[in-house]
Every structure is written in structure tokens, then in C-alpha cells.
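Structural overview
Given next are the chains, with one letter for each unit.
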Amino acid sequence: MRGLSLAFCALLMILREATPARRSERSNTVKAWADRLGEEIWELNEALTKAQQIKAEYQKMNASVRRKDGMSILESSLTSVRMMLTKKINAVKCIHATAIELAKKFKEEYNGTADDEFEYCSAKYSVFMELNEFGNDTVVIPTKEDPEKIPKFTIAMKHFYENVTVDRDSHFYNIRVNTDKSCVHVPTNIFFREEEPRKAILWTKDLNDIFTKNYNADPSLTWQYFGSSHGVLRFFPAMRWNQMDTDIYDCRVQSWYIEAATCSKDMIILFDVSGSMTGFKNYVARTTLKSLLDTLSNNDYVNVYYFKNVTGQVMNCSQVNSNSSQEFSVVQATKENIGTILEILTPTEDGKKHKIELDGYANLTEAYIKAFTTLRARREETNCNVASIGGCNQMIMLITDYVSGNFSDIFEQYNREVVNGKTYTPVRVFTYLIGKEVSNVDEIKSMACNNRGTFDHIHSVEEVQQQVLKYINVIAKPMILNGTKPPPTWTHASMDKTRTKDWDVSPDVSSPDEDKLVTSVAIPAFIEGDVNATLLGVAGTDVPIDSIAKLAKPHQLGVNGYSFIVSNNGYLLLHPLLITSINGELQVNYNSVDFVEVEQVDDGKDARELGDKIQWLRQNLTEAKRGNMTEVEVLFHYDDMRRIARVKHDYFFNELEGTPFSMGISLPEGYGDTELILKDNPLEATQGQDLIGINVTQFFNYSYRIHPDWVYCKYHYLEGHESETPEIEIWKFLVRISKNDLNISKTQYKIESQAFSVDSHCGDKREILDKDDYYCNEDLVKQLVFDAKLSAPYFKDWEDHSEREAWLADKYNVSVRFIMTSSGLTRWHYLNDDDKNEVVNEQGERSKIYDGNIFGDDYRTGIETTPYKAAVLQRNQTKLYNRESLVVATRLPILDQSIKDRPSVKNDDGDITITASYAIFYKDKGIDTPASVVGFQFSYKHFWQSFSEITKSVGGKSLSCDGIDHDCYVIDSSGYVVLSNNSDEVGQFFGEIHPLVLQSFIDKQIFEHVEVFNYQALCPNSILPKPSSSWGLITPFTLLKWILTEFLILLGDFYNWNQYVYGMPEDFAQSTTPLPETVNNETVQAVDEDEETFSCDHRIRLYIMNQTHFLKTAEDHPVTYEETRGECHPPYWASYVRYTNLMIVVVEKMGLFEFNVNCEKPPTTKPVPTNNSIYSREPCHKLELGKLPRRRLEGCFTFHEKEANASTCSLAALDLAAPRIVAVATLLAALVPMMLC
């Protein structure tokens, strides 16, 4: 048989060599088709876009090109951002200073009875009104809250609640607010008339004055607030609180409060899972655990060690250094890790089944030793000096119902360190005793009091939050006693909930969640010299990250360049590839996505493997160093991770002064270091025109859009200057420019010339902006007018064309032609559908007959769209060989099947839109730069007809595209089908249709594939291995035992029924999936609408056509072909389509069954989950991130010698709960009759 096979192969070789004429005819035919197709598309491009005339116009208008320095651009952006952030910090300092003075004054004047009857704006219970449509009267804004859910005591207390008039304010995202007032939020579990909350409401009321002054001095300020240590939040401007869900908000567990008051923490929670911690006690313990975890942020490290007769760690894959012998460890307190901890400890089956069994006895000794050993290793790892006032902030939190024996020996051995003859206690111990009937209280109390902590006895769920939050005040005492002014604290990214569907109060709900991210700056407030070292609260304000991005001057970065901001932990606040929401749901880890999870260096590393370059870059960013890294080979993906280019980028980075963040920019090599400059000012009059200037609005009198996220000119106060669209807004400024009534050199912020002082920055001396004050980006405005003037003659109509050009446009059924420029301008002209062309009137208002979306709406971000990016990448590649080239592409299907909304490639009419785009590189003095992109869109159906006509009229007759003997395709440089006999194949990856042909292309180095990784992906729960059944069966006996146990516990708690009046406890039990036993590696299937998902990693293979294979040869492009059937491929012929990114492929019809099953096939482009990311829902696959460097925050105080004098750890702590319960019961007894009336 082997001899027969060899003979057959020899015969094929002879036949192949014996038929050169036929082989030449077929390959030449395909090449002739490709040449004709390319010539027609290029001719069409020249005729429709006037690309060469526009290129010449740049020279006529005296434009030039120069090199730009990346570090200079970065420093310019940093200066602008720094000025803005300084204003925000100063505003918070004013709130902080004012709060302290108000608290002092109130303390001196308050006698315990003043203002017992008072009125205030309650964000939850005040009546909110607005002007009616005639503006002559107010009407009550109806509440969205279910009347049955409104506490009835509010009726009796309504005289305390001030009526508030609000109005929609464009600066506050069209939310109804009152910018003359502040409102107060009080947590649901706190009664506002209790002494401390009442005092906080009273003494903070005059903060309203400083809030207003801050806003008048800096109208870009958003929410300002002060959160008191008793949970009372006063915020500005006044608005109604969220009514869409049960209110569980408490300012004291928000990241801005916690991080300002406590600095970074290492926390280990010892969680009792012994046999006595069942039923209601377990529920209270888990609630306590959740409350503790809620007080942590990305700067903290945590783990939960469960203990019974053995001790284990909940996050089992959390070991920071896998090469270390340290068995137990801590993990970063990201929302994702915290969620995992809670999920593992949450029982399933309505609380009946625990993943960690509740049994055995409590061996607390082993648990303490494990915890202290882990924390000591952590101190050694971070070079922490226990004798320093700014050492490690470490603590152990014990949650149990009983302790046996004395543990002083453990503490003496493991929690005492002697430095220079002085003994220190490096780890604080806080103890939480769960249950009503308790014993051995003195021992558990002494654990805390002898180790710089506090003891709390938690009787019920309602007490949990208040008791847990006491520890915040304790660890804040060293900072207070130190007496120095605390530095401002900045948080990681968080979501402005007022702009989301969770609140549903702003029309801004529909905008991307990435635009709603904020960072908060906060400062803790306390009275210096207070012997009790009492924390008053925290002052703060939110800073939209979007406002920082706008100051980063995106227009200067150019196409395919971008800016980013990275925290001290390496997490992203700003990056074009940061994904915050998928399928309309906020991702759990949206604010803990690491820099290395989005930047893809082309170093051949596998998933989660990091090369030296990316590690060096990240380390410099986390350490806030100044520097650069050039010629970094990267995998630059775009079009939603469906296309890719192998390019080089230059990175520049530096510290964002006054914050724990670093800012950087990334510029593409080859064109990212050049920019267009204007020798003449397009706003000035030229010879023969009036010296008063020119009417620049004449260049904007028809179809155009500007980049909606870029700042051209804006008023400081948006209210009163609202514009329906960005185009109307810029039009108003253009009118003023035409009248010489505008100084476009005015900037938004000025450099602060003096150090902060209350008198100069908080009083009446500071500059107050006028309601009509504005600011502009001078260079961007000039560039915009230049581009509008340049493009105006070419895209209003299409009259300058020949009969052949009109015939070609009709042949391909061209719908629209367009230009997109580097200044953010987009214009278009519809050839045969004038209803979609716009006219702009003298007020800047656009009008058209067609009512739907048009080209300008779909591509309004121009320079950031795929046609723009791809055209520049294509031109940059082909210009090396002095070849003109454009990009032809179609819309692609969504490859990630976990995405629920996957638009069709086809239009509603069944046709498909093809887009051709060409990058205009303007060259001056030997340097060129991408100045704009022009292009057109045409019909797939007509494209196929035109192609069919070419195949019938050009070349020989041995090949045909009739679909009988051969399949004909046009594929793009990413391997996707642009043209096919079957329109359903358009947009599909060619390798899925003809894998053996594509594999042959790969073997011939015509195509290559590269791997990229999506570390922000989702996978359906169904892909997880099946749950283990090792939890055991519930027998009738065990079930009865459980029921009796629960009944006795609840019966024992019945006498405290009145503790539950304020609301039912939150049941955060969820169904979970235990650790799996096996791993599947398969393509992610489409997610059902109701199926839950979890965070995972996707491996994606993307393809790149090696166009240099064709371009580096002579003008006569080579043809790739296999005339005869091979062992692993059918006969095919392929030719590069001149002037484009396309290739024609003709394949002789054969089935895959005709080839050896062992033939190599290329991987598809569909995402495949990586093995390590689907072992379980736990984020164990992110383990390596724990090893990466992080920078500890400065300005922390963890120790003070006088701390013991201000300790609140006393025997009285044991009985604190009882008086409070009695007080609440008394209050309710008085209110119940009123509730029933």
C-alpha cells in the first residue's frame, strides 16, 4: 500500500508539471479578477472622496508637520490635571476646616436641650417639589417608593422634614437638585432624634455655606459631602435619595470614609464554625463578617480563617508567594475576593447546608497561632517597623460565641515584639461575642483590651453594623493623637450610582458605565487636642474620571494613541480597554482590573504569564516614577477584540502629584510621534476680508458631527447654557468667535500661586466665576475650524465627477461618502438619499427629513472608530513599500457568545453595508502624519454583482464563481469573509469555512495567527464542572434535628422581638457552586438570558495577513495557488487585491470528509476559556497578580504612645447593647399608637 501511495503521489507531480498552460490560465484568471476589482475600488475611492485633492488642500492652506515629544505631551496633560485636582483638594480642605470649627463651636454652646425641635432636609422623607410647566407654582414630585414600605413614624415626625424645591440641573446630569441647599441621609438602623445623630444634623447644617462657596468658585465640582462618625451624611446639592431599592446605605462603610479614617489594613478574621455556631448564631456571625468585610477596600489585605477542631482558610488559593513555605496567607480585599469569601461561607438550600460543616469544638489556639504567624510574615515581606508610628495596620477580628481558658501565653509569644528595649503589640485584636446567653466574657474581653482592640457583645442582627463600626474609631486614634494635618486620601474607581439604573433619576442612565466612574478625595476631621481622640467624620468630594480624561488632551495623542491612569495597586482608573459592565450589569471586579490585564505585549507568553517588559512598566507605574519605555512590541487589538495588528508603541509615564496614581500615554511608533500644525490662524481674517474676522460658521452649515467627549469650548456653569447637542454648543462659540467676542486662550483652571490657607481659599477672597464665564482648548478649536474649512467644498454635494465615476458609484450602489479628521470632525454626504443630508440654520440647529440614525450618529467619535483605526494601520504598513492602499471591511458578528446583545451582520433590508476607508497622510519636509480618513459605504449585493460581472468578463473560462464547481471568496487582512456565494458567510472567519485552505496559507506564511487574552470576560455557570455530592444526605433524623435546633434558638430569641421592628435582616444567602472535580476546555456557548455567569479568562486567536508577502515583490503581485488536490487541501487559487487589504480566494468544491482526519486545522477566532480560569467561581486564576509590586500609602499612623489613655475598651462595653435596646423599645412604644392612627 505504501508503494502504491508513493506511485500515486509521483503521478500527481508528473501531471502537475505536465499542465503548465492550464495552471497558468487559472492563476492568471484569478489575478486578473483581483487586479480589476482593486482598480475599480481604488478608482471609486478617488472619485468619491477626492482624497488627492484634499491632500493637496493641506498644502494650499499652509499646513505643516512636526515631530512631537511624548513626554512633553504627558507633562502638559499632567499640568492640566494637577490644576484641576488641586481645586478639588482645596474644596475638601475647606469643608474639613469648616467642619472642625463648627464642631468646636457647637460643643461649646450646646447644653443638651437646644434645638430639640428643628427642621432639616431629609433626603429620604422630605417633600420634594418642582416648578410647574408654567413656572408660576410648585408641584410635589411623586415618590417612586411603595407607600407600604415608608416607615409610619415619618408621619408623626413630618414637622422635622423641610420641604425642598428642586430643578433639573445639566451639570448634575439633569438630576433634580437644589444648588442652594444640602440634604441629610441617616441610615435606616439609626433614629435621627437619638442624641449623637441629632447633634450631627445640627452642627453640620452650616456646612451648606461652604458647599455653596466651593461650587461658586469651581462649578465643575460634583457631589460634596461630610459623613459623621455617627452615620449622618450631609451632602450637596440637595436631592431626593434613591427610592428604587431598600436603603442600606451607611456613609461609614464607603471607601472614601474608610480609607481616609484608617489607611491600609491587614485583617484576618477568625470565624467560628464549631458545632455550637448553628442556626441564628451562625446567621448573626455571617452578618458580622459581612459588615467587617464591607469596611475594606483595594488597599487592604484580608482572609477569613475558619476554626473548629482544625483551622483552615476560606480563600484556599490565596497564597501570595507560591514559592514560600507559608501555608496561610491574606489576599487583596477586592470586591471580587470579598464576594468569593462570602459565597463560600453562605449556606445553600435555604440555609440548611454549609459548604464548611458546622461541627466539632473550637480550637482557638491553633487559629490564633496561624493568624499571628501569617501577619508576622506579612510584616517581614513589607519591611514593616512595629516601632514606627506609621507601621503596619494589622488586626485580628474574632467572631465566636464562647472562649475557653486563658490565651495570654499565646499573645505574649506571638503578639509582642521588643525593639530597643521597648515592647510593642503589633497586631490589634477585636473580639465579637455572638449570642444572648454567654459565659467567660472577661476572657474574651481581655483578649481585645490587652491587645489594643475592643470587645463587643452582639445580641442580634440589628446591632451588628453599629458594633462593627466602632473599630474604625479605634484605629483612627493614632492619627488623631498625632495631631498633624492628615493628607488627602484618594480612592480607587467607583461608580456614581446617581447616574445608573439603580437610582433611575438621571437621563444619563443610558450612557456607558465607563463614563460614570469617579474617584473620591477625602480628609478625616477631628479636633486637635481632644483627649478622647474622637473622630468627627470625613469630608470629601467626587471627581469624575471622565473629567480627568478630557484634560488628558486626547486630540494630541492622535489615532491609536491613548492615555491611562494606574493606582498604587496597579489597578486601572482610566484606560480605553477597561470594561466596567457586560450585558448591562456592573462587573464585580470593575475597579480592580490590573494594568497587565489589558496591555498585551507581543512576547509569546501564555495566559497570565508576564514578561520582563510589562512587569518593569507596571512596577514603575505603581511606584509613581517618571520615565519612558520605547519600541515595545504590542498586540494592538481593536474592533471589540476581533482584529489585531503587531505594532510597536512608546510609553511615557509620571506621577500624578498629590494622589497615589500614575498617569501615562501610549503612542504608536511610525506616526504617533508626528502631528499636523497650522502655520496660519484659521480664525484670523486674510487679505481682502474685514479685520473684524471671518464668519467661521459658514464652514459648518451642513452635515457634521464633533467628538462628543472632547472639550472645544464650554461654559463653567452648564445651567443656563444648555445645548441639545455638542454641535449646537460649539456653534454658539463659533458665532462669538466670528464676532471677535471670544478669547479662546482662556483655560479651565489656573495654577495655584499660593499654598492653601482657609482665609484665601475658603473665604470671600477667592475668585468667584461669573455665570457666563467659559474656557476653550485653543489648539483644538483652531484645528476644528481648519478641518471644516478644508472639507467644506468637498462633502456638501458630489457634482464634480465624470460619467464613468457616476456609473461606478451606481454599479456598487454607494450610499454615503465621508471624512473624519484628527480634530474630531466627521462629515458625510449621501449620494442618492438626500433626506439623510443635513442643513444647519443660523442658530446651529440641524434638520433633515429622515428621522432615523445616519452616518454621523453611528461614527460620531470618528478617530476612535474601526474604519479610522484600520485605515491608518493599513496605510502605515503599505507606505513602507510606497503603495497606496485602503481598507474594505464589513460589520462582524460578536464572537463572544457570553454577550447577550449580538447585532446581525445584515441590515434590516437583508443587505450588508461594506465600508471602505483610506487614510490621508500629509507629508511636509520629509515627515508625514495621519491628518484624516476618507471613505465610502456601499451595498454588499451590488458588490457581489459587480464581482460576478468581473469573473464572467475577465480572464479565462476555466474558473467560475457560479457556486457549482468552485466557491469564490473575498477575505480581508484579518481573515474574515467580505464576499461569498453565500451571504450568510459574510463576516465569518474564513478558517471555519475552509480550514484546510487557511492552514495552507499559514504554512506558506501568507497568514499568521496570534493569541490574545481577554481577562475581563464572562463564562456561563454551565461550563463549570458538576458539583460534588460529598456534602452528604439529609436523613429524616438529621432534618428533624435541624428543625428542633432552629426552633429552640428562635424561641430563645423571642423575648427580644421588638429589636426587629425597624426592618427584617438582610438575607444574603445565595446559591453557589463548590470546588469542581474536573475541567472542561470548550468554546463558550451562548448564554441563556437567565443563566448566571462568572468572571473568567478567554483565549482568542486572531489572524493577520502578511501583506508584505505581496507588497515587497515587483508590481506584478504573486498568486498563491495549489492546482491539484493535496493530502490536506483542495485545489485553490488566491490573489491579493491591489490597493486594498483584500484577497480573492477560489476553492474547488470538496468536502472535509475527503481528507485525512489528522490534517492540521487552524484554531477558530471564537473565544475559548482558559483552563485555569474555570476550575471554580473563585478567582484562583488571578493568583499571580498577588505577587506583583504594590506601593503602600504614605501618611498613615498606626501607633501612638498616648493611645491607651483614650481607650474605649472597658468593662462597660459588655452592657452597652442593653440600654440601647431599652431606649429603642421605649421610643417605639411611644410611636406605635401614632403609627396605628
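The rules behind the values
- Residues numbered from 1 in each chain as written.
- Predicted model: local features only at pLDDT ≥ 70, side-chain atom pairs only at ≥ 80, totals over all residues.
- Heavy atoms only, no water.
- Helix = DSSP H or I, 4+ residues; strand = E, 2+ residues; numbered from the N terminus.
- Buried < 20%, exposed > 50% of the residue type's maximum accessible area, 1.4 Å probe, protein only.
- Areas by Shrake-Rupley, 256 points an atom, 1.4 Å probe, with all protein chains shown as cover.
- Pairing = 2+ DSSP bridges.
- Axes fitted to C-alpha atoms, helices over the stretch in contact; angles between N-to-C directions.
- Contact = heavy atoms within 4.5 Å.
- 1 Å grid on protein atoms, 1.4 Å probe; cavity = no way out; pocket = protein on both sides within 12 Å on 5 of 7 lines; lining within 4 Å.
- Points joined across faces, edges and corners; volume = space filled by probe spheres on them.
- Nonpolar A, V, L, I, M, F, W, Y, C, P; charged D, E, K, R; others polar.
- Expected span 1.5 Å × (residues − 1).
- Polar contact = N/O pair within 3.5 Å; in protein donor to acceptor, adjacent residues only side chain to side chain.
- Phe/Tyr/Trp six-rings, centres within 6.5 Å; stacked < 30°, edge-to-face > 60°.
- Parallel < 35°, antiparallel > 145°, perpendicular 65-115°, else oblique.
- Left-handed = near helix turned anticlockwise from the far one by under 90°.
- Right-handed = clockwise from strand over helix to strand, strands pointing away.
- Core = buried A, V, L, I, M, F, W, Y, C linked by side-chain atoms within 4.5 Å.
- pLDDT = per-residue confidence, 0-100.
- Disulfide = S-S within 2.5 Å.
- Salt bridge = Lys/Arg side-chain N within 4 Å of Asp/Glu carboxyl O.

Digging into the overall build of the protein chain
Check the secondary structure of the protein chain and you find 30 helices and 47 strands. For the protein chain, the proportion of its 1237 residues judged to be buried stands at 57%. For the protein chain, the computed accessible surface area is about 51900 Å², with 49% contributed by carbon and sulfur atoms.

A word on the sheet that holds strand S27 (residues 627-638)
By way of backbone hydrogen bonds, the strands of a sheet pair with one another, either parallel or antiparallel. Taken in spatial order, the five strands of this open sheet run S24-S23-S29-S28-S27, and their pairing is antiparallel. Two strands lie at the open edges of the sheet, namely strand S24 (572-574) and S27, each paired on one side alone. Direction aside, the axes of adjacent strands within the sheet are offset by 35° on average. Across 10 bridges, the pairing between S27 and strand S28 (residues 643-655) is antiparallel. Within the sheet, the bridge partner assigned to Asn-628 lies in S28 and is Phe-652. On the sheet, helix H24 (residues 866-878) packs against S27 and S28 and is oriented at approximately 115° with respect to S27.

Describing empty space enclosed by the protein
If you walk through the whole model with that rule in mind, you get four cavities of 30 Å³ or more. Around the second largest cavity sit Val-596, Glu-597, Arg-608, Leu-610, Tyr-1015, Glu-1184 and Leu-1185, which together line it. When its residues are assigned to classes, the lining of the second largest cavity shows four nonpolar, no polar and three charged.

Description of the sheet that holds strand S46 (residues 1143-1148)
The sheet built from five strands is open, its strands ordered S41-S40-S46-S45-S44 with antiparallel pairing. At either margin of the open sheet sits one strand with a lone partner, and together these are strand S41 (977-980) and strand S44 (1119-1122). This sheet shows a mean twist of 15° between the axes of neighbouring strands, independent of strand direction. As paired strands, strand S45 (residues 1132-1136) and S46 are joined by five bridges and run antiparallel to one another. Looking at S46, one finds that Trp-1133 is bridged to Val-1146. Those strands touched by helix H25 (residues 940-953) are strand S40 (966-971), S41 and S46, and its axis lies near 60° from that of S41.

Notes on H25
Under the 1.5 Å per step criterion, the end-to-end length of H25 is 20 Å for 14 residues, consistent within 8% with the ideal 20 Å. Where H25 begins, one side-chain oxygen reaches toward the backbone nitrogen of Lys-941, 3.2 Å away; that side chain belongs to Ser-939. Positive phi appears at Gly-955, one or two residues downstream of H25, with a value of about 85°.

Some points on the packing of aromatic side chains
A complete count under the given rule lists 56 aromatic pairs for this structure. When the centroid spacing of 5.6 Å and the interplanar angle of 50° are considered together, the rings of Tyr-120 and Phe-192 count as tilted. One end of the pair, Tyr-120, is in the loop between helix H4 (70-109) and strand S2 (128-131); the other, Phe-192, is in the loop between strand S7 (183-185) and helix H6 (195-203), and 72 residues separate them in sequence. The class of Tyr-120 is buried, set by a relative accessible area of 6%. Of the residues examined, Phe-192 reaches a relative accessible area of 3% and is grouped as buried. Plain terms: the ring middles of Phe-430 and Tyr-471 are 5.7 Å apart, the flat faces sit at 65° to each other, and that makes the pair edge-to-face.

Concerning the packing of H4 against helix H7 (residues 207-217)
Relative to each other, H4 and H7 sit at 165°, their axes nearing to 10 Å. Classified by the angle between their axes, H4 and H7 sit roughly antiparallel to one another. With respect to the hand of their crossing, H4 and H7 are arranged in right-handed fashion. Of the residues in H7, those in contact with Lys-87, Ala-91, Cys-94, Ile-95, Thr-98, Ala-99 and Leu-102 of H4 are Leu-207, Ile-210, Phe-211, Asn-214 and Ala-217. For the contact of H4 with H7, a count of residues per class yields nine nonpolar, two polar and one charged.

Brief notes about the pairing of strand S10 (residues 266-272)
The side chains of a regular strand alternate between both faces of the sheet. Buried residues dominate S10, accounting for seven of its seven residues. The alternating pattern of S10 places Asp-266, Ile-268, Leu-270 and Asp-272 on one face and Met-267, Ile-269 and Phe-271 on the opposite face, and all of these are buried. Following the backbone out of S10, through helix H9 (residues 279-294) and into the adjacent parallel strand S11 (residues 301-307), one traces a crossover that is right-handed. When S10 meets strand S14 (residues 394-400), the two strands line up parallel, connected through six bridges. By the bridge assignment, Ile-269 is partnered in S14 with Met-397.

Focus on the nonpolar core
The biggest cluster of nonpolar side chains holds 167 residues, and the ones touching the most others in it are Phe-192 and Tyr-471. If you tally residues by element for this core, the top one is H4, at 17 residues. Residues Ala-916, Val-934, Cys-961 and Val-970 belong to the second largest nonpolar core, which totals 60 residues.

A look at the confidence of the model for the protein chain
Averaged over all residues, the pLDDT of the protein chain equals 86, while 88% of them reach at least 70. Highest mean pLDDT in the protein chain belongs to strand S9 (residues 233-236) (98); lowest belongs to helix H30 (residues 1217-1236) (37). Scored below 50 in pLDDT, residues 687-692 makes six contacts in the model with residues more than four places away or belonging to other chains. The low-confidence segment residues 1211-1237, where pLDDT is below 50, has 29 contacts with residues more than four positions distant or belonging to other chains.

Details of the state of the cysteines
If you walk through the whole model with that rule in mind, you get seven disulfides. One disulfide bridge connects Cys-961 with Cys-968, the sulfur atoms lying 1.9 Å from each other. Around the S-S axis, the bridge from Cys-961 to Cys-968 shows a dihedral of about -85° and counts as left-handed. This pair shows no difference in class: Cys-961 is buried, exactly as Cys-968 is. Across a sulfur-sulfur distance of 2.0 Å, Cys-1128 and Cys-1159 are joined as a disulfide pair.

What about the pattern of salt bridges?
All told, the structure shown has 65 salt bridges when counted by the stated rule. We note a salt bridge from Asp-673 to Arg-67, for which the minimum N-O separation is 3.1 Å. Of this pair, Asp-673 sits in the loop between strand S29 (662-668) and strand S30 (674-678) while Arg-67 sits in strand S1 (residues 63-67), and the two are 606 residues apart along the sequence. The partner of Glu-417 in a salt bridge is Arg-376, and the shortest N-O contact between them spans 4.0 Å. With Glu-417 in strand S15 (residues 417-419) and Arg-376 in helix H11 (residues 364-381), the pair connects residues that are 41 residues apart, well separated along the chain. What makes Arg-376 partly exposed here is its relative accessible area of 30%.

What to know about unusual backbone geometry
The step from Phe-236 to Pro-237 runs through a cis peptide bond, and the omega angle for that step is 0°. Position of Pro-237 relative to the elements: it lies in the loop between S9 and helix H8 (255-262). Unlike most non-glycine residues, Arg-608 shows phi in positive territory, near 65°. A positive phi angle, near 65°, is found at Gln-1005, a position not held by glycine. Among the secondary structure elements, Gln-1005 is positioned in the loop between helix H27 (995-1003) and strand S42 (1007-1020).

Focus on the pairing of S46
A large share of S46 lies buried, amounting to five of its six residues. Of the strand pairs in this sheet, S40 and S46 are connected by six bridges, and their pairing is antiparallel. Its bridge partner being in S46, Ile-971 is matched across the sheet by Met-1143.

Overview of the side chain of Ser-567
The residue Ser-567 is located in the loop between strand S23 (562-566) and S24 in this model. Taking relative accessible area as the criterion, Ser-567 reaches 0% and is therefore assigned buried. Separated by 3.0 Å, the side chains of Ser-567 and His-492 make a polar contact. Ser-567 has contacts with His-492, Leu-573, Thr-622, Pro-660 and Phe-661, leaving out every residue within four places of it along the chain.

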